[in-house]
Each structure stands twice: as C-alpha cells, then as structure tokens.
2 protein chains.
Amino acid sequence: MEDEPKSDFSCPVPLPARDKVLLGHGSGGKLSAELLREIFLPAFQNPILARLDDQAIVSVDGLRLAFTTDSFVVSPLFFPGGDIGSLAVHGTVNDLAMGGAQPLFLSAAFIIEEGLPMETLRRVVASLREAAASVGVEVVTGDTKVVEKGSGDQLFINTSGLGRVPEGVNFSADQARPGDRVLLSGSIGDHGIAILAEREGLEFESPVVSDSAPLHTLVAAMLEVTRDSIRCLRDPTRGGLSSALNEIAGRSQVGIVIDEQAIPVREEVKGACELLGLDPLYVANEGKLIAIVAPEVAEAVLAAMRAHPLGREAQIIGTVHASNPGVLAMRTVLGTTRLVDMLAGDQLPRIC
Amino acid sequence: MEDEPKSDFSCPVPLPARDKVLLGHGSGGKLSAELLREIFLPAFQNPILARLDDQAIVSVDGLRLAFTTDSFVVSPLFFPGGDIGSLAVHGTVNDLAMGGAQPLFLSAAFIIEEGLPMETLRRVVASLREAAASVGVEVVTGDTKVVEKGSGDQLFINTSGLGRVPEGVNFSADQARPGDRVLLSGSIGDHGIAILAEREGLEFESPVVSDSAPLHTLVAAMLEVTRDSIRCLRDPTRGGLSSALNEIAGRSQVGIVIDEQAIPVREEVKGACELLGLDPLYVANEGKLIAIVAPEVAEAVLAAMRAHPLGREAQIIGTVHASNPGVLAMRTVLGTTRLVDMLAGDQLPRIC
C-alpha cells in the first residue's frame, strides 16, 4: 500500500450534453457533478459553496457555524434499520459532523402527497423525533406542504441543520496531501442493499439492515485525538465509497490508492451485490465515514474509532499519493490495480 | 375602530378526526393548524417551536440567530411577477425578516422530477440567483434529488435561511396587547390571484401580477423608528390576512377588529375574487406584511412604511382589544361587524 501505482490512467470520455434531467442526475455520481458544475456552481459563485463540502462553514460575528441541507426522497418510507424520519435526522446530523461540527438545531419540512395515511405520518414523525432526541438536536422550525395525488410520492422530507464548529477544526475535501492515510469506519453497502432488498422483496438468509446512524459522537472521539491532523471527513452516502474518494482526489488533486482486502463488506452484502451485478464501492452508506488523516496520527485515530461502537470495524484502507492526481485506484485481492471511476448515472435511485 | 365590538362570537364546531392527509392540511388554515397541534407540536416539544412564529430564534454562544425553512411547490413554476426560484428566496427571506432578522445565508434543495427540461431548471436557478443577489444573501449549501416521472411535479424547492437578530428585537405572535394598532403594508390578494389566473388561463383587462418581494429592507426601515414597540410582524402568505391575524389573536389571547374600508384591494383582484367566489382576506400574499405595534408609535411606523417603495400603500387597518380573545372581527363597509374565521381547508392549493 505504500508504493504508488505504476500504471497511467486515461481520462474518461466526457458525457454528452443533456437537455432533460435524468434520474442519474440525482445519483451522486458523474451526472450529479455535471449538474453542479454546469448549473448550480456558476449561478451561486461564492467561496463557501465552491468548497463543495457536505456543509457550509459560515462565520457570524466571529462564531463559526456549520449549515447544511438535505432532502430525503427514499422509497420505501420504511426499511430494515430505519425509515425516512430517522434517516432525515441522521443524514443532516452527519453532514454537520463531517465538518467537525456539534449539531445543535434542525429544521424539518414535509412535502406530503394527498391521501397519505395519517398513521404513516405519525410513525415517521415519531421516528424523526426519537432520532433527534437521541442525538440531542432540537427541531426548532418546520413547514408542511401538501400536493395533489400523483404530484408527489407519499412523503418527502427536507432537514436543514445548524451546528457549532469547534476552534481549530478546518476540514475540507481539498486538503488531502501525499502520504495521508484513508480511514473507513466500518463495512460498506449495508444501507443501499437494505433499501433495495425491501423495495424488490429480496430475502437473504441473514437480513441486511441499514447502517443509518448519527456519527457526531464518533467524530467527537476522533477530535479528542487531533484537530489539525484530520484533513477531511466524508460520509459515503449516494454514490458510495468510490464517489466520496473520487471527490476528495479531485478536489485535492492527489491520487488515492485503496486496498480491496482492507475494505470491510458483510458477506450478505457481498452476496447480494454479486447476485444483482452491483459493486459495493458504489452502494450508499448512511452510518459510515471516511477520514483522510496525516500519517503520524493514523494509528491513534484508528484506535479512537475502534473504541467507539460505530467504529469497531474501522480500517486503514488506503494512502494518498502525489501521482495520478484526481484518480482513485484500487489494489484488488488478485494483486492487480484498477481504476475506480465515479459512476456516470444511477446504480440505485431514491436511496436517501 | 376604537370601540370594541358588542356582539358575542361562538366557537366553531371542531373538525372530525381525519385518517388521511388532505390537500387542505397544507392550506395554512384550520386543517394546517390541526396537523401542527396533533402531530408536529406534541412530537417536537420545545419552547422555540411552540412559539409558532415564522422563524425560530436560537441562541448560540450569546449570538441570536433566526433560522427558518420553507418548501415551495407552487404550480405553475412561472407566473406573472415571479417564479418558483424568486419565490423560494423571497419566502424564506421574509420569514427571517418577520423575526426582525437581517438575512445572511440560504440553503437551496431541489427535488426534480425526471424529465424536467434542463432549460427550465436553468431559468429557475437564474431567477433564484438574481433574487438572492438583490437581497444580498448567499446561497452557501444545497442538495439535488431526482425522482421518477410521476413521483413529483416538475420541481420542488426547499430554502432554509439564517439571519442575525439585532439587539432589542423580540417579535412574537403572543405579544399583541389591547390598544395596539394593526398595520398592513399594501394591497392584499395579488399573489394568489396571479397564480390562479395563470393556472386557469384567466384573462383580466389589466393583468394581476404577484407581489412576490423581499421585505427585509421595509422591516429595517420600521426598526429605525422603534425596536421595542413593534410586538409582532407577519407576512400573510397561505391563508391570507385572515389566517395571520387569527393566529395572532389566538396566540396573544386578544380580540382583533379590522376595518374593511381600510384594507387595500386592487380593483382587478376584487373583480376576480367576486367572479370566482373567493374572499381576498383568505388569498395569499408574498410581498406584504402585517405589523402589530403599540398605539403611540403607530403613526410614525406608518410614515416609515409609506416612505419605502414596498409600503407606499400602507394603512392602519385595525385595533387590538381585550374582549373576544382569540377572535378576529371585521367592520364591513355596510357598518356591520362580522366574524372572520380561519378557513377550514384550502381556497387555492399550491400557491407557494
């Protein structure tokens, strides 16, 4: 893992221009990046948005706040290990946590399709409340809109979050440096496969359960070890591990090489992926994080992660290199090295 | 307008329990209030949310911030005087402004139905950007989700906003006191009728244009006159003037009496309402505000409003009383007094 890969990687062919929005534009992959680059970024030119992190760090009268937003359109609403309510809390709390912020306040905005059973709404709201209470964030403001039957799909939820960023914490995807280590907090693919199984009625010997969980206390434990030697945190949600690492490689203009053998994947997830022709590197997670850390603190941060219930299976899975900037590569179990590109479109739509 | 109304008002019959969400639950009227009271408030018990203001005022390390969220599902996306992009900025900026806050940052989250023409998205984003730039708020964080054709309706946008609350500003709907005056910044019903006309293909001799506008500078001008004698500001959006004043009457446990003759309504809006059987008191506005102010400052605040381009037609339209707590009444042009209740359901769905 210490050597740099020898091969040269060629750029993928650019995607043709699209005149309509496709499902893949919401995938977190290449089409999403295209939409961002061609429509959103040119419109809202500002240095905060241009950082393309999962959260904005803004300063108000010297106070550093993390501010983030996420809409949740997951289908089905309920799945093994969670539902749209708990997911809406965990997703936004995790976006704050990836900025090193302590989550403080949430907003919750509901777009309801006419005819949604009141009992469904009640269950989702109860789950959202419970998730918020267990994190210790308060839902302080909200909104409800109702659209006609056929103009929505049961229920969409937007949560925005506000958190306090501790002094000395400055994570960003453009800070990975050659020599840094890549840490992963646990097994990948659980959330995506759990949703897919529920949606398609697949049954496994041991059921796959979403890893949906709030990561703020895991991050706090890592911050106890070091604040300034953590370059960047990401939760590999839509687009999975590969999209998150590709983004970091691109933003930091470094090469990242990961080691297939070091990446934990549950047997049942591996099996489901083989059966369905999916690659776990691209499957969404909702309770995992990647950390890029300076080499000298890697072992200590790893130990802190493993001491936390949500990081017990944490691994050092790769290294940052100066060569092949913008490229993610993986040493396979067979000993070869392959390029791990971002997906163009969508493996699994409406996963979150 | 100074005397209290003599008649007694009886409580309306309670609505039966519903087991499904209806369009009216998004109306801003009684059904919305019911949903809030029965599902959302019990779940998220906290004093900030319980204030039921358009924005949460939260304190972080002594800094007072306004935090608000709104989803926009307006149909059609483009209408005379605006579109979903500018509306998404104005709506959230106004929610911040109604708390007396200076708007600072916005998030923007898009839920796109597969197949939306890229050109439509581009136009909406350009309009959102322009509206944000003209207010001076920065869009610092965002999100994009795409749902399958038939699972959405073109485009929904959520914006959340963050603002700074100046010292000495403490507006809340529970602070109206007997003797206070009710000020209205201009004519009512323009937005709702503009949307309806566009949606239904109605044509008027002089076209009705939405009043969609950001009210933060109007509020700033009012704050120059007084900070502590303004009890409460509201922008009468969904549910119109009547819902906003009913809410204040209920939260403050006061009676409010307004004077029909003093309420500006454009001739074309009046005509359209008569034709369509609508009451302008219930039609949505997106660039108007109501202020409840202490009697001794009413004339000075009115003068400040009239000196501002968005308050030129401002009027004192009513008075707060101790009698009939929770009730809004109106002296009609005929000299009678009638109760102005909240609507149960929806006059016009998807108005914002």
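Residues numbered from 1 in each chain as written. Chains lettered and ligands numbered in written order. Predicted model: local features only at pLDDT ≥ 70, side-chain atom pairs only at ≥ 80, totals over all residues. Heavy atoms only, no water.

A. Representation of the overall build of chain A in the model. When helices and strands are tallied, chain A shows 9 helices and 14 strands. Here chain A has a C-alpha radius of gyration of 20 Å; the compact-globule value for 352 residues is 20 Å, and the two agree. If you line up chain A on its principal axes, its C-alpha atoms span 60 × 50 × 45 Å. Relative to its 352 residues, chain A shows a buried fraction of 62%. Residue pairs in contact within chain A that sit at least 24 positions apart in sequence constitute 83% of those at least 6 positions apart. Carbon and sulfur atoms make up 50% of the accessible area of chain A, which amounts to about 12800 Å² in all. On chain A, the mean spot of the 29 positive side-chain charges and the mean spot of the 46 negative ones are 2 Å from each other. (Helix = DSSP H or I, 4+ residues; strand = E, 2+ residues; numbered from the N terminus. Rg over C-alpha atoms; globule rule 2.2 N^0.38 Å. Buried < 20%, exposed > 50% of the residue type's maximum accessible area, 1.4 Å probe, protein only. Contact = heavy atoms within 4.5 Å. Areas by Shrake-Rupley, 256 points an atom, 1.4 Å probe, with all protein chains shown as cover. Lys, Arg positive; Asp, Glu negative; His and termini not counted. Charge placed at Lys NZ, Arg CZ, Asp CG, Glu CD.)

B. Expanded view of the sheet that holds strand 5 (residues 102-113) of chain B. All names here are of chain B. Taking strand neighbours across the sheet as the criterion, the 5 strands line up as 1-2-7-5-6 in an open arrangement whose pairing is mixed. Two strands close off the open sheet at either side, each with one partner strand: strand 1 (56-60) and strand 6 (138-147). Recorded for the sheet is a direction-independent mean angle of 20 degrees between the axes of neighbouring strands. Summarising the sheet, strand 5 and strand 7 (residues 155-164) pair through 10 bridges and their orientation is antiparallel. (Pairing = 2+ DSSP bridges. Axes fitted to C-alpha atoms, helices over the stretch in contact; angles between N-to-C directions.)

C. Here's a closer look at the relation of the copies chain A and chain B. The transform that puts chain A on chain B rotates by 180 degrees and translates by 0.0 Å along the axis, for an RMSD of 0.0 Å. Put plainly, the chains are arranged around a two-fold axis. Among all residues of chain A, the minimum C-alpha distance to the rotation axis is found for G152(A), at 2.0 Å. When the interface residues of chain A are mapped onto chain B, 100% of them again fall at the interface, so both copies present the same face. (Least-squares fit on C-alpha atoms with pLDDT ≥ 70 in both.)

D. How the structure looks around the interface of chain A and chain B. The partner chain B presents 75 residues to the 75 residues of chain A that form the contact. For the pairing of chain A and chain B, the buried interface totals around 6700 Å² over both sides, and the portion due to carbon and sulfur atoms is 69%. Summed over the shared surface of chain A and chain B, the result is 8 salt bridges. Residues R164(B) and D61(A) are paired through a salt bridge, measuring 2.9 Å at the closest nitrogen-oxygen approach. Viewed at the interface, chain B and chain A are joined by 27 residue pairs in polar contact (both at pLDDT 80 or more). With 10 residues, strand 6 (residues 138-147) of chain A is the single largest residue contributor to the side of chain A that touches chain B. (Buried area = accessible area lost by both parts, 1.4 Å probe. Salt bridge = Lys/Arg side-chain N within 4 Å of Asp/Glu carboxyl O. Polar contact = N/O pair within 3.5 Å; in protein donor to acceptor, adjacent residues only side chain to side chain.)

E. Broad picture of the sheet that holds strand 6 of chain A. All names here are of chain A. The strand order across the open sheet built from 5 strands is 1-2-7-5-6, with neighbouring strands paired in mixed fashion. Edge positions in the sheet fall to strand 1 (56-60) and strand 6, since each of these pairs with one other strand and no more. Along the sheet, successive strands turn relative to each other by an average axial angle of 20 degrees, direction set aside. Contacts between helix 4 (residues 118-135) and the sheet are confined to strand 5 (102-113), strand 6 and strand 7 (155-164), with strand 5 contributing the most and set at about 175 degrees to the helix.

F. Molecular detail of the environment of V219(A). Residues and elements named next belong to chain A. Position of V219 among the secondary structure elements: in helix 6 (residues 216-225). A relative accessible area of 3% means that V219 is categorised as buried. Taking C-alpha positions, V219 is 9.7 Å from H308, a pair spaced 89 residues apart along the chain. Here V219 is in contact with A97, M98, G100, L233 and L289, once residues within four sequence places are set aside.

G. Highlighting the confidence of the model for chain A. Residues and elements named next belong to chain A. Residues of chain A with pLDDT of at least 70 account for 95%, and the chain-wide mean is 93. This stretch, residues 1-11, has a pLDDT under 50; its non-local contacts, to residues over four places away or in other chains, come to 27 contacts. Overall fold confidence for the complex sits at a pTM of 0.94, while the interface term, ipTM, reaches 0.94. (pLDDT = per-residue confidence, 0-100.)

H. Just the pattern of salt bridges, in detail. All names here are of chain A. All chains considered together, the criterion is met by 38 salt bridges over all chains. A salt bridge links D279 to R338; the shortest N-O distance between them is 3.3 Å. Taken as a pair, D279 in the loop between helix 8 (267-276) and strand 11 (290-293) and R338 in strand 14 (residues 337-339) lie far apart in primary sequence, 59 residues in all. Each of the salt bridges in this network shares a partner with another, and the network as a whole consists of R51, D53, D54, R234 and E247.

I. The arrangement of the state of the cysteines in detail. Residue and element names in this part refer to chain A. Applying the stated rule across the entire model yields 0 disulfides over all chains. With no disulfide of its own, C232 lies 18 Å from the sulfur of C352, the closest cysteine sulfur. Take C273: it sits in no disulfide, and the sulfur closest to it among the cysteines is that of C352, at 17 Å. In this structure C273 comes out as buried when scored by relative accessible area, which is 2%. (Disulfide = S-S within 2.5 Å.)

J. Representation of the environment of G24(B) within the structure. Positionally, G24(B) belongs in the segment before helix 1 (30-43). Overall, the relative accessible area of 8% leaves G24(B) in the buried class.

K. Summary view of the packing of helix 1 (residues 30-43) of chain A against helix 4 (residues 118-135) of chain B. Interhelical geometry of helix 1 of chain A versus helix 4 of chain B gives an angle of 25 degrees and a closest axis separation of 9 Å. Between helix 1 of chain A and helix 4 of chain B, the angle falls in the class roughly parallel. Helix-helix and strand crossings are classified by hand; for helix 1 of chain A and helix 4 of chain B the assignment is right-handed. Side by side, helix 1 of chain A and helix 4 of chain B meet where L35(A), E38(A), I39(A), F40(A) and A43(A) of the first sit next to M118(B), L121(B), R122(B), V125(B) and R129(B) of the second. A breakdown of the residues in the contact of helix 1 of chain A with helix 4 of chain B according to their chemical character gives 7 nonpolar, no polar and 3 charged. (Parallel < 35°, antiparallel > 145°, perpendicular 65-115°, else oblique. Left-handed = near helix turned anticlockwise from the far one by under 90°. Nonpolar A, V, L, I, M, F, W, Y, C, P; charged D, E, K, R; others polar.)

L. Spatial organisation of the environment of P214(B). Residue and element names in this part refer to chain B. Mapping P214 onto the fold places it in the loop between helix 5 (190-200) and helix 6 (216-225). Accessibility expressed as a relative area gives 16% for P214, which makes it buried. Placed 124 residues apart in sequence, P214 and H90 show a C-alpha to C-alpha distance of 4.8 Å. Excluding residues within four positions of it along the chain, P214 makes contact with H90, V93, N94, V135 and L310.

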